[in-house]
Amino acid sequence: MTDLTTRRTTAAAAPVVPSAGARRGIGLDEATLHDGFWKRMQDVNASASLQHSLDWMERLGWIENFDRVASGSTGPDRPGWMFSDSEIYKLIEALAWEFGRTGDRGIDAMLERLVDRILPAEDSDGYLNTCYGHLGQEARYSDLERGHELYCAGHLIQAAVARLRTVGEDRLVALGRRVADHVCREFGAGARQGLCGHPEIEVALMELARATGEDRYREQAELFIERRGHGALRPIPLLGPGYFQDDVPVRETEAWHGHAVRALYLAAAAVDLAVDRHDAELLAALEAQWRRTVERRTYITGGMGSRHQDEGFGDDWELPPDRAYCETCAGIASNMVSWRLYLATGDVAYADLMERTLYNVVATSPSDDGRAFFYANPLQQREAGEEAVPDAVNARAEGGERAPWFEVSCCPTNLARTLASLNAYTASVDDDGTVSLLQYAAGEYRIAVAGGHLHLRVETSYPDAGAVTVTVLAAPGSGASLRLRVPHWAHGATLERDGAPTVVEPGWASVHGLGSGAVLTLVLPMHPRFSWPDARIDAVRGTVAVERGPLVLCLEDRDLPDGAALDGLRIDADQPPRAHRDGALVTAHAVPSPRGGARTPSFGAEADAPTGASTLLPLVPYHRWAQRGPSAMRVFLPIRP
Ligand SMILES: [Zn+2]
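Draft legend 1. Spotlight on the overall build of the protein. When its secondary structure is counted, the protein shows 13 helices and 24 strands. For 641 residues, the compact-globule estimate of 2.2 N^0.38 gives 26 Å, and the C-alpha radius of gyration of the protein, at 25 Å, lies within 12% of that figure. Each principal axis of the C-alpha atoms in the protein carries an extent, and together these give about 75 × 70 × 50 Å. For the protein, with 641 residues in total, the buried portion stands at 62%. For the protein, restricting intrachain contacts to residue pairs at least 6 apart in sequence, the fraction spanning at least 24 positions comes to 68%. Counting every atom, the protein has about 23200 Å² of accessible surface; 51% of that belongs to carbon and sulfur. Taking the 64 positively charged and 88 negatively charged side chains of the protein as two groups, their mean positions are separated by 1 Å.

Draft legend 2. Expanded view of empty space enclosed by the protein. Following the criterion strictly, the structure yields seven cavities of 30 Å³ or more and no others. By volume, the largest cavity is sized at about 250 Å³. As for the largest cavity, its lining consists of 20 residues, and the residues nearest its centre are Pro15, Glu93, Met336, Arg417 and Tyr425. For the lining of the largest cavity, the element with the highest residue contribution is helix α11 (residues 328–345), accounting for four residues. Taken together, the residues that form the lining of the largest cavity break down as eleven nonpolar, five polar and four charged.

Draft legend 3. Region of the structure containing the coordination of the zinc ion. Protein coordination at the zinc ion comes from Glu327 (OE), Cys329 (SG), Cys410 (SG) and Cys411 (SG), with a distance range of 2.1 to 2.3 Å. In this structure, the zinc ion is coordinated by four donor atoms arranged in tetrahedral fashion, with angles at the metal of 93 to 122 degrees. Sequence positions of the residues that donate to the zinc ion give the spacing E-x1-C-x80-C-C. Separated by 81 residues along the polypeptide, Cys329 in helix α11 and Cys410 in helix α13 (residues 410–420) bring together distant segments of the chain. Here Cys410 falls in the buried class, since its relative accessible area comes to 9%.

Draft legend 4. The arrangement of the pattern of salt bridges in detail. Per the counting criterion, the structure on display carries 58 salt bridges. For Arg177, the salt bridge identified is with Glu169, shortest N-O distance 2.6 Å. In this structure, Arg640 and Asp572 form a salt bridge, with 3.6 Å as the shortest nitrogen-oxygen distance. Remark: Asp572 occurs in the loop between β19 (569–571) and β20 (578–580) and Arg640 occurs in the segment after β24 (637–638); sequence separation between them is 68 residues. On the basis of relative accessibility, which here comes to 34%, the residue Arg640 falls in the partly exposed class. By relative accessible area, which is 9% here, Asp572 ends up buried.

Draft legend 5. Highlighting unusual backbone geometry. The omega torsion across Tyr462 and Pro463 is 10 degrees, close enough to zero to call that bond cis. For Pro463, the position within the fold is in the loop between β9 (452–460) and β10 (467–474). For Cys326, which is not glycine, the phi torsion reads 45 degrees and is therefore positive. Of note, Cys326 is situated in the loop between α10 (280–296) and α11. Among the residues examined, Cys326 registers a relative accessible area of 0% and is labelled buried.

Draft legend 6. Molecular detail of the packing of aromatic side chains. Scanning the entire structure with this criterion turns up 20 aromatic pairs. Both rings, one in Tyr127 and one in Tyr141, keep their centres 5.6 Å apart while their planes meet at 85 degrees; by these two values the pair is edge-to-face. With a gap of 14 residues between them, Tyr127 in the loop between α4 (105–118) and α5 (149–166) and Tyr141 in the loop between α4 and α5 connect regions that are remote in the sequence. For Tyr141, a relative accessible area of 9% gives the class buried. Relative to Tyr462, the ring of Tyr359 lies with its centre 6.1 Å away and its plane at 80 degrees, an arrangement referred to as edge-to-face. Residue Tyr359 is found in helix α12 (residues 348–362), and its partner Tyr462 is found in the loop between β9 and β10; the two are separated by 103 residues along the sequence. Considered together, Tyr359 and Tyr462 belong to a single accessibility category, that of buried residues. The ring of Tyr342 carries the charged tip of Arg23 above its face, separated from the ring centre by 5.9 Å. The residue whose ring lies beneath Arg192 is Phe187, and the NZ or CZ to ring-centre distance is 5.4 Å.

Draft legend 7. Summary view of the side chain of Arg356. Looking at the element boundaries, Arg356 is found in helix α12. You can call Arg356 buried: its relative accessible area is 15%. Residues within four places of Arg356 in sequence aside, it is in contact with Ile300, Thr301, Gly302, Val361, His488, Glu547 and Val552.

Draft legend 8. Layout of α5. With 18 residues, α5 should reach 26 Å at 1.5 Å per residue; the first-to-last C-alpha distance of 26 Å fits that figure. Among the 18 residues that make up α5, 18 are buried, leaving the element largely enclosed by the rest of the structure. The positive-phi residue at the C-terminal boundary of α5 is Gly168, with phi of around 110 degrees.

Draft legend 9. Expanded view of the sheet that holds β10. Spatially, seven strands are ordered β2-β8-β9-β10-β15-β12-β13 in an open sheet, and the strand pairing comes out antiparallel. Both edges of this open sheet fall to β2 (31–33) and β13 (500–503), since each of them pairs with a single strand only. Strand-to-strand twist across the sheet, computed as the mean angle between neighbouring axes with direction ignored, equals 20 degrees. Bridging between strand β12 (residues 494–497) and β13 involves four bridges; their strand directions are antiparallel. By the bridge assignment for β13, Thr494 is matched with Val503.

Draft legend 10. Local environment of the pairing of β9. Strand direction decides the pairing type here: strand β8 (residues 443–449) and β9, joined by seven bridges, are antiparallel. Counterpart to Tyr445 in the pairing with β9 is Leu456. Between β8 and β9, which pair antiparallel and follow one another directly, the connecting turn spans two residues, one of which, Gly451, has a positive phi of 85 degrees.

Draft legend 11. Structural context of the environment of Glu112. In this fold, Glu112 is placed in helix α4. Taking the C-alpha atoms as reference points, Glu112 and Val261, separated by 149 residues in sequence, lie 29 Å from one another. Excluding its chain neighbours within four sequence positions, the residues that come into contact with Glu112 are Arg163, Asp170 and Arg171. At a separation of 2.8 Å, a polar atom in the side chain of Glu112 contacts the side chain of Arg171.

Draft legend 12. Structural view of the packing of α4 against helix α6 (residues 171–187). For the pair α4 and α6, interaxial distance at closest approach is 10 Å and the crossing angle is 40 degrees. Viewed along their axes, α4 and α6 adopt a mutual orientation that is oblique. Handedness of the crossing formed by α4 with α6: left-handed. Residues Leu111, Glu112, Val115, Asp116 and Ile118 of α4 form the contact with α6, whose participating residues are Arg171, Leu172 and Leu175. Counted by class, the contact of α4 with α6 contains five nonpolar, no polar and three charged residues.

About the cut-offs
Residues numbered from 1 in each chain as written. Predicted model: local features only at pLDDT ≥ 70, side-chain atom pairs only at ≥ 80, totals over all residues. Heavy atoms only, no water. Helix = DSSP H or I, 4+ residues; strand = E, 2+ residues; numbered from the N terminus. Rg over C-alpha atoms; globule rule 2.2 N^0.38 Å. Buried < 20%, exposed > 50% of the residue type's maximum accessible area, 1.4 Å probe, protein only. Contact = heavy atoms within 4.5 Å. Areas by Shrake-Rupley, 256 points an atom, 1.4 Å probe, with all protein chains shown as cover. Lys, Arg positive; Asp, Glu negative; His and termini not counted. Charge placed at Lys NZ, Arg CZ, Asp CG, Glu CD. 1 Å grid on protein atoms, 1.4 Å probe; cavity = no way out; pocket = protein on both sides within 12 Å on 5 of 7 lines; lining within 4 Å. Points joined across faces, edges and corners; volume = space filled by probe spheres on them. Nonpolar A, V, L, I, M, F, W, Y, C, P; charged D, E, K, R; others polar. Donors = N, O, S within 2.8 Å, 3.2 Å for Na, K, Ca; no water. Tetrahedral: all angles 85-135°; square planar, octahedral: opposite > 155°, others 65-115°. Salt bridge = Lys/Arg side-chain N within 4 Å of Asp/Glu carboxyl O. Phe/Tyr/Trp six-rings, centres within 6.5 Å; stacked < 30°, edge-to-face > 60°. Lys NZ or Arg CZ within 6 Å of the ring centre and 35° of its normal. Expected span 1.5 Å × (residues − 1). Pairing = 2+ DSSP bridges. Axes fitted to C-alpha atoms, helices over the stretch in contact; angles between N-to-C directions. Polar contact = N/O pair within 3.5 Å; in protein donor to acceptor, adjacent residues only side chain to side chain. Parallel < 35°, antiparallel > 145°, perpendicular 65-115°, else oblique. Left-handed = near helix turned anticlockwise from the far one by under 90°.

Here you go:
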């Protein structure tokens, strides 16, 4: 049941609302998605993942931790990692956006019940944390490197911002303000010169400043951002200060490095600061970091993080497919940065990367039923993983099966808040009234522009097919200007306006003077294509990947012909991939089983010599992998010499 009476969604009902710049993203209420790829994911998130997350956190005692603080019964037996509070806050943020999106009373009631539990745990001075500062616990702020207290506060503040922008002032918003005020008192200029080992408070305070108009929150965020990079944190053994970006100031950084989620949350906050402070130099530095990192440290899926030991970026060109970490949260955080850079610059490349990451990282993580998740998203799985035990907590799910919950369970709730607010990333409006459609999702869009609203209906089954039809249902009197994103891979795309198709180049297809009743059809070429890795990426030299539209494809061992081995096939690159169902068919030849030998078992004097008749291998979208059960899988396919 939907009742919109107490919602207050406005054009600002979105996760990111810069206080400067020539462009804004749309609010949640400006788009209503219809059945399609993302609407289905949103529905599963709403009907399954939110309650699933709540149930697990209740069961593990993470929510009860708040009750124990309130009743004074804390002790050394507290369950959960020191950052488990943040998962409850991210769930609250997801519920806030979901209520803002749909007005579902049940969702709102879930949120209020959680607020009932966390409010009594607040200390009298606005400190809120269930791991530190109470009976039997370490003192507040005694371990800034690992303690995640400011990180947790940041997620609480982001939940409060979501509430403020969808409902208005309430007790959650008031709590967020008190927590932020506490942080400003404790860490402001003249107070302790500390910062958190895990960036997050910065991006939260920036948005709170925007949502409330209180510049002191922005000033505190700026202090945290500028303090980092000077060795203020004690390095964690074996990881060094680069792990939490305390080795180089953000404005002097050349490429993102260290723990990927930390680096990206910090970068997101730094973009916010650059925009709100009109700091062109800082913005240019961040754009350069994005370019360098995307060019050399990012997987074909958009995934970021090449190393397991620190969940971190690798060196340039260090992109092993089998050891890819590509944490789901890093994909989400990458989109947080790209979205902010897009709003700041209007450069289509940022929206292109977001699409790549949405379809190949974000959409890959959850199971079809929304009750299990990938934490890491490798691009090669040599052996089929174990079927995840349905009722058990997984350490961190490095294997090839989605798990219902994790000891470190950052990804499920991060997905939840992302999917609940996804509408906000589908389109933007420039100050001159031009509307840009960025991600193609069927639905109705009623976007506020100068002089009224531009009301559009978008019909598409993208990414299953490449046609996107846009009908103008209403436009301001002078006619509307619309830009359609033509993805970088879409060579040969066409745009038809009222019956006359023309070829449009990757970038933007711009149309002006659109009145009510105008119909545009963008047709993106969806035939599968080979994607060749840069020769400097040693780990995948001699291989090729296949993409179809925005989807990276993969080969799962369950689809192999009888007797074939996943690693015993060589692709015939002279034969272009052919469309097949929602994936492709490629031609391959078998190579003999591994060569034996007395001294160097896997090496020999002769190169591979594929033999036998060719066979056709069916590839499926990477985001579908292991949805049919555990499987071995690879994205990069070795080619026949
Ligand atoms: Zn995560």
